Amino acid sequence: MSAGAEALLRVEELRVGFATGDGVVQALDGVSFALERGRTLGIVGESGSGKSVAALTVMGLTRGRRTHVEGQVLLDGEELLGATAERLRALRGEAVAMVFQDPLSALHPFYRIGAQLSEAVRAHRDVDRAAARRRALELLELVRLPEASQRIDAYPHELSGGMRQRAMIAMALANEPRLLIADEPTTALDVTVQAQILALLRTLRDELGMAMILISHDLGVVAEAADEIAVMYAGRIVEQAPTQRLFAAPQHPYTWGLLTSTPRLDAPRGAALVPIPGRPPSLIHPPSGCRFHPRCPYAREEHRRVDPPLAPVPGTPAQQVACLLPADVRGALWRRLAAGATPDEARSAAGLAPEPAA
Amino acid sequence: MLGYVVRRLLWGLLLLLLVSALTFVIFYVLPSADPAQLRAGRSGSLATLAAIRHNLGLDRPLTVQYWTFLKRLVLHGDLGYSYYSDASVRSLLFDRIGPTVSLALGAVVVWLLVSIPIGMISAVRPRSWLDRLTMGGALLALSLPVYWVGLVALYLFSDDIGKWPLLPGAGSYVPLAQSPWEWFTSLIMPWLVLASTYAAIYARLLRGNLIETLSEDYVRTARAKGLSERRVILRHGLPPAAGPLMTLAGLDLGLLLGGAVLTETIFGIPGIGRLNYEAIVHADYPVIQGTVLLAAMFVIVANIAVDIGYAYLDPRVRTA
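**Examining the overall build of chain A**
For step 1, the next point in the chain: Each helix and strand in chain A was counted, giving 13 helices and 12 strands.
For step 2, the next point in the chain: Computed over its C-alpha atoms, the radius of gyration of chain A comes to 22 Å, within 12% of the 21 Å expected for a compact globule of 358 residues.
For step 3, the next point in the chain: C-alpha extents for chain A along the principal axes are approximately 70 × 45 × 40 Å.
For step 4, the next point in the chain: The burial tally for chain A puts 46% of its 358 residues in the buried class.

So, in structure tokens, the structure goes:
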């Protein structure tokens, strides 16, 4: 992305490892991205790809005795990884706020919605109870919670999933944060409610001029809201591009896998959904070379040894990919896949020998 | 809520009826000492025995005996008279309840005051040296039987036989109304000894619960809101973790109010536990029945109190 000084959030070479009994789980292994004011970055990947860890680390919520963090997180130029606990506390919920996946478990079951919102307000503002409650009601109205003046006294379990997530969003917005991180905000919701919540997040982002990081395992969710998308795999960003570009000309075989494994209206009639074979790799002993090679239908022998860096795609500097296949081969493969070919068909059409690495 | 409490109380009464029937059956059906024989002494003739049996109503059919007992209890609150001392069971219980309540309530306060801070510190800093030290100490306290700890405490600190005569020893119990200070000092050792095992159990339980709740999503949310760590733990982590502790405390208190036999015996405290023990030794059925019913009542009431407390703590219980 463009000029670093202007970025609201700049993450540089972030590495996060968790010490476990089996070894160090390297949840993030050199992740860099930047986000400008008012823009939305979508982060997509399977569970365990490190997307939530990235978000929690920005919030300072992965700190712990068994966590090893390296790199830089700059919020408006302020380094957060080295910040004191008190400074981080002051920023959390104030400058950076977070919406979590499951609002039922993320809201405290013992306290009323209004009390939980007021608490968020009073954590950062010196206002009395009545003022905090007025603000809470204002927030619930802002997120279009129906009958907010009554629901303010409801307990989380008395609300529907969609209403709970609205309350959760209201709580995150309590102090008008500069950056809102939404970690799978729609995953726990019904499909119809999902669209409403996404629309709400987009509207609020525009109304309040926030930057947003939208995390999802679902490219479709991110597509509607994000200006730019980062695809994560095994603790790294493997492809990053403006949203339009990512859907028009995806470069990484993993991104292809994500696209062809979900139903699309613009896919050719009769095209089969192709699952990505295998499982996400161990982050204690990640695969050698390209981390995706054990699951990649197009892997070559050298891909088992050479670890590809994230580099700009020739001709489109806004798009970056970490893949060892030549650009023209990638183009040929994706054209076939987009036309409904299976990975095997695409491979032979592009002139690659079958499974040489296997 | 009120209807719920009334329903629970009615069930409690039914339960007490069952307990009384069970005590009755166990005492008479299972072999035990013959109360008439004990009363008549070694030299009692058959005629004396028969006369005693008749006086105590032991010669009537069991169902009639039980019915008479129930009728007197329900109509007059009368639990009958001790076979052994001829005193009314009710007055015996009244005499003994004060020491037991003093012992039990004080011990509960001590073990909660000790275990809650320890459990919290250990949970917040798991694997720290403080955690290891306190949990090791808890394991020790848990493993030592109360009669042994009690005797050691007396041997070390009692003012008659102790190496360091600091505190009043066995048999020094003084009612609160008589002298609050002496009441307090005489109970310090019993409280600490009785509380030690419980404090250990509670500290370990709270530690485990709190470690679990501190990893809950809603605690992460509390942190993400920018709350102070103190508030995160005290307001968001502790209440859910304390729920099971409250359940246990209610039950343990109920049980202890029914008499802490070992502690009362070691420290010579004239409580319900001692009364029950003596009644068993003397095959004094009316007193046994009285102490058992009293203990059952405490447990039932404690259970109801715990359930009400839960509803107060967790709104989800209220609607369920």
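Alright, that's what it looks like, and here's the rest.
**Structural notes on the domain arrangement of chain A**
For step 1, the next point in the chain: Along its sequence, chain A is organised into domain 1 (103-176) and domain 2 (265-349).
For step 2, the next point in the chain: The C-alpha centroid of domain 2 of chain A is placed 44 Å from the C-alpha centroid of domain 1 of chain A.

**Some thoughts on the nonpolar core**
For step 1, the next point in the chain: By size, the foremost hydrophobic cluster in this structure holds 173 residues, and its most contacted members are Ile 181 of chain A together with Ala 107 and Ala 195 of chain B.
For step 2, the next point in the chain: For this core, the leading source of residues is helix α8 (residues 180-213) of chain B, giving 14 residues.
For step 3, the next point in the chain: Each of domain 1 (103-176) and domain 2 (265-349) of chain A accounts for three or more of the residues forming this core.

**Some thoughts on the sheet that holds strand β6 (residues 96-99) of chain A**
All names here are of chain A.
For step 1, the next point in the chain: With respect to topology, 8 strands assemble into an open sheet ordered β6-β7-β8-β3-β9-β10-β12-β11, the strand pairing being mixed. Looking at which strands have only one partner, the edges of the open sheet turn out to be β6 and β11 (311-313). The average undirected angle you get between the axes of adjacent strands in this sheet is 25°.
For step 2, the next point in the chain: As paired elements, strand β3 (residues 40-44) and strand β8 (residues 211-216) share 5 bridges and run parallel to each other. From the neighbouring strand, Val 44 faces β8, where its bridge partner is Ser 216.

**Details of the interface of chain B and chain A**
For step 1, the next point in the chain: Across the contact, 18 residues belong to chain B and 24 residues belong to chain A.
For step 2, the next point in the chain: Residue assignment for the side of chain B that touches chain A shows that the elements contributing at least two residues are α9 (217-224), α10 (229-257) and α14 (315-319) of chain B.
For step 3, the next point in the chain: No other element matches the 6 residues that α9 of chain B contributes to the side of chain B that touches chain A.
For step 4, the next point in the chain: Within the side of chain B that touches chain A, the residues separate by chemical class into 7 nonpolar, 4 polar and 7 charged.

The rules behind each value
Residues numbered from 1 in each chain as written. Chains lettered and ligands numbered in written order. Predicted model: local features only at pLDDT ≥ 70, side-chain atom pairs only at ≥ 80, totals over all residues. Helix = DSSP H or I, 4+ residues; strand = E, 2+ residues; numbered from the N terminus. Rg over C-alpha atoms; globule rule 2.2 N^0.38 Å. Buried ≥ 20, exposed ≤ 12 C-beta atoms within 10 Å, placed from the backbone. Domains from an automatic or database assignment. Core = buried A, V, L, I, M, F, W, Y, C linked by C-beta atoms within 7 Å. Pairing = 2+ DSSP bridges. Axes fitted to C-alpha atoms, helices over the stretch in contact; angles between N-to-C directions. Contact = placed C-beta atoms within 7 Å. Nonpolar A, V, L, I, M, F, W, Y, C, P; charged D, E, K, R; others polar.

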